[in-house]
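Analysis of the macromolecular model
So the chains spell out like this:
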Amino acid sequence: MGIAISDPLGLTAQPQPFVQSGPTLWTNLLQLIDQHHIGKIVVGIPLNMNGTHSSMTDQVNRFA
């Protein structure tokens, strides 16, 4: 899972190390949230090039 954390003003996002899906996903995400004092999470919805939903869109919606 790709992660980026914004600067304090919310103007830019800095990429973070990739977080592997699996049994430690939530532990790793909660650790990042605590470590960086994150107050808001934005989830990107992947779409096909023509703007339609794909199977990945459904997976991300279930995750969110």
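All values reported here derive from a predicted model rather than from experimental measurement. (Residues numbered from 1 in each chain as written. Predicted model: local features only at pLDDT ≥ 70, side-chain atom pairs only at ≥ 80, totals over all residues. Heavy atoms only, no water.)

**Quick look at helix α1 (residues 25-36)**
Spacing of three or four residues puts side chains on the same side of an α-helix, whose turn is 3.6 residues. For α1, spanning 12 residues, the distance from its first C-alpha to its last is 17 Å, which sits close to the expected 16 Å at 1.5 Å a residue. All buried positions along α1 are accounted for by Leu25, Leu29 and Leu32. Angular distribution of buried residues about the axis of α1 spans 60°; they occupy a single face of the element. Opposite the buried face of α1, by more than 90 degrees, sit the exposed residues Trp26, Thr27, Leu30, Gln31, Asp34 and Gln35. Contacts made by the buried residues of α1 are with β1 (4-6) and α2 (55-63). The positive-phi residue at the C-terminal boundary of α1 is His37, with phi of around 55°. (Helix = DSSP H or I, 4+ residues; strand = E, 2+ residues; numbered from the N terminus. Expected span 1.5 Å × (residues − 1). Buried < 20%, exposed > 50% of the residue type's maximum accessible area, 1.4 Å probe, protein only. Arc of directions from axis to C-beta. Contact = heavy atoms within 4.5 Å.)

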